[in-house]
Amino acid sequence: MTDFAEIWSYLSEGPLLWLTATVAACSVGDLIFRATGRNPLANPVLIAVCILAVVLKVTGTPYATYFQGAQFVHFLLGPATVALALPLFDNLHHLRRALLPVLAALIVGSVVATGSALLIASWMGVDELLLISLAPKSATAPVAIGISQELGGSPTLTAVLVILTGITGAVVATPLLNLLGLKDWRARGFSVGLASHGIGTARALQVNPTAGAFAGLGMAVNAVATAILGPLILRLFL
Amino acid sequence: MYALLVILIAQILGEFVARAVGLPLPGPVLGMIFVLGLLVAVPQLRETIRAVAQTLLSHLSLLFVPAGAGVVGHLATLGDSTLAILLAIVVSAVLAIAAGALTFAGVARLTGSSDD
């Protein structure tokens, strides 16, 4: 009989174990989310991330080893983003009549997302490298990382801040928008996608298909807006 | 199978165009715009891609988990600025969602573009 430690070392080096752990952590996240009556504070992404962080820490597994398994899940982000064309197409009749609200909300939302974050961070004495890395945090990860690199920020830090922003938006959106008494699913979805990209869009899709479609739209147009406005706003703080 | 082919080819085209033209958009987002254009041109394709697209989208939140797990290890690099950065991220997310949604709803009301 082979030693348990030997089997563990074989499994923990390969992709199967960490792919399974990722799906298991997501299942637990989803179970807790459902058990709380789909409470937005019990965000399934946040729960799964916390579980995996603890498991990796306890087992002393390097992230690179973990990612060999998790990459199969990570890879599907691209095709899933392309698939957002379907809810957008289903909501095209909404979209045609919402051009002005979309443009206005894009400019206001994008300026507030970048401007308020930089204002708070610079007021609290955050250094220049972090300010640059923070500026594009509301854009979807590949765009944010590109902007950060171009302006002299740290791509790794930006990736971290982008994910934190996404989870924050997904958690606060529903209670915040209910508090504001906003019932327009287009407005709700668009602002969440704009402020918190794909993770916010995933949350909007859980709530309402029209909100999900407008969140996908918000994510796409704010990627462009952040690339143009982000560097201009950042200049005010450096 | 055709659905997956359409989606993957759109993504490849997106990656190609984004790099060739140097657009500030990631390949998958461009791919999304291409598929939207394709659906407008050939509405019958909607039923072809529906099942695969919906399966992918119903799992969208779980697809962020591997990247999220990587974040935790880097939180320490924020050092002394951790509190300031977390405050900036939470407050700016709240303000941006509120400002964006209120602007959208306000302009929609002014221009008579109601939600129905």
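Just so you know, these numbers come straight off a predicted model, no measurement behind them.

What to know about the overall build of chain A
Thought 1: Broken down by element type, chain A carries 13 helices and zero strands.
Thought 2: Seen in sequence order, chain A has helices and strands lined up from the N terminus as α-α-α-α-α-α-α-α-α-α-α-α-α.
Thought 3: For chain A, whose C-alpha radius of gyration is 19 Å, the value lies close to the compact-globule estimate of 18 Å for 238 residues.
Thought 4: Considering only C-alpha atoms, chain A reaches an extent of 70 × 40 × 30 Å along its principal axes.
Thought 5: Among the 238 residues that make up chain A, the fraction classed as buried is 57%.
Thought 6: For chain A, the share of sequence-separated contacts (at least 6 apart) that also reach a separation of at least 24 residues comes to 68%.
Thought 7: When the accessible surface of chain A is split by element, carbon and sulfur atoms take 70% of a total near 9,800 Å².
Thought 8: Across chain A, 11 positive and 9 negative side-chain charges occur, with their mean positions spaced 20 Å apart.

So, the overall build of chain B
Thought 1: Looking only at helices and strands, chain B has five helices and zero strands in total.
Thought 2: Each helix and strand of chain B, placed in order from N terminus to C terminus, yields the pattern α-α-α-α-α.
Thought 3: Here the C-alpha radius of gyration of chain B, 20 Å, is well above what a compact globule of 116 residues would show, namely 13 Å.
Thought 4: Each principal axis of the C-alpha atoms in chain B carries an extent, and together these give about 55 × 45 × 30 Å.
Thought 5: Here chain B holds 116 residues, and the buried ones make up 45% of them.
Thought 6: Taking all contacts inside chain B whose residues are at least 6 apart in sequence as the whole, residues at least 24 apart take part in 29%.
Thought 7: In the structure as shown, chain B presents an accessible area of about 5,700 Å², 72% of it carried by carbon and sulfur atoms.
Thought 8: A distance of 7 Å separates the average location of the 4 positive side-chain charges in chain B from that of its 5 negative side-chain charges.

A word on the packing of aromatic side chains
Thought 1: As enumerated under the stated definition, the model contains five aromatic pairs over all chains in all.
Thought 2: Their ring planes at 70° and their centres at 6.1 Å tell us that W18 of chain A and Y66 of chain A sit as a pair that is edge-to-face. Here Y66 of chain A lies in helix α4 (residues 63–75) and W18 of chain A lies in helix α2 (residues 15–35), a separation of 48 residues in the sequence. Side by side, W18 of chain A and Y66 of chain A carry an identical accessibility label, which is buried.
Thought 3: Plain terms: the ring middles of F214 of chain A and F104 of chain B are 6.0 Å apart, the flat faces sit at 90° to each other, and that makes the pair edge-to-face. Placement of the pair is F214 of chain A in helix α13 (residues 209–235) and F104 of chain B in helix α5 (residues 82–110), with the two residues belonging to separate chains. Here F214 of chain A matches F104 of chain B in class, with each residue buried.
Thought 4: Through a chain of ring-to-ring contacts, three or more aromatic side chains come together here, namely W18, Y63, Y66 and F67 of chain A.

Remarks on the confidence of the model for chain B
Thought 1: In the predicted model, chain B carries a mean pLDDT of 91, and 98% of its residues have values of at least 70.
Thought 2: Mean pLDDT values over the elements of chain B span from 87, in helix α4 (residues 65–74) of chain B, up to 96, in α5 of chain B.

Some remarks on the interface of chain B and chain A
Thought 1: With 70 residues of chain B at the interface, the matching set in chain A holds 91 residues.
Thought 2: Of all residues in chain B, M32, I97 and F104 of chain B give up the largest surface area on contact with chain A, accounting jointly for 11% of the area buried on that side.
Thought 3: Linking chain B with chain A are two salt bridges.
Thought 4: Among the salt bridges present, the one from D90 of chain A reaches R46 of chain B, with a minimum N-O distance of 2.6 Å.
Thought 5: Applying the counting criterion to the chain B and chain A interface returns four residue pairs in polar contact (both at pLDDT 80 or more).

Observations regarding the domain arrangement of chain B
Thought 1: Each assigned domain of chain B is listed here: domain 1 (1–58) and domain 2 (67–116).
Thought 2: Distance from the C-alpha centre of domain 1 of chain B to the C-alpha centre of domain 2 of chain B: 27 Å.

Some points on helix α12 (residues 185–207) of chain A
Residue and element names in this part refer to chain A.
Thought 1: End to end, α12 covers just 9 Å across 23 residues, shorter than the expected 33 Å (1.5 Å per residue, more than 12% under).
Thought 2: Along α12, the sharpest change in direction is near 145° and occurs at H197.
Thought 3: Within α12, 19 of the 23 residues are buried, leaving the element largely enclosed by the surrounding structure.

The rules we used
Residues numbered from 1 in each chain as written. Chains lettered and ligands numbered in written order. Predicted model: local features only at pLDDT ≥ 70, side-chain atom pairs only at ≥ 80, totals over all residues. Heavy atoms only, no water. Helix = DSSP H or I, 4+ residues; strand = E, 2+ residues; numbered from the N terminus. Rg over C-alpha atoms; globule rule 2.2 N^0.38 Å. Buried < 20%, exposed > 50% of the residue type's maximum accessible area, 1.4 Å probe, protein only. Contact = heavy atoms within 4.5 Å. Areas by Shrake-Rupley, 256 points an atom, 1.4 Å probe, with all protein chains shown as cover. Lys, Arg positive; Asp, Glu negative; His and termini not counted. Charge placed at Lys NZ, Arg CZ, Asp CG, Glu CD. Phe/Tyr/Trp six-rings, centres within 6.5 Å; stacked < 30°, edge-to-face > 60°. pLDDT = per-residue confidence, 0-100. Buried area = accessible area lost by both parts, 1.4 Å probe. Salt bridge = Lys/Arg side-chain N within 4 Å of Asp/Glu carboxyl O. Polar contact = N/O pair within 3.5 Å; in protein donor to acceptor, adjacent residues only side chain to side chain. Domains from an automatic or database assignment. Expected span 1.5 Å × (residues − 1). Bend = angle between axes of the 7 residues up to and from the residue.

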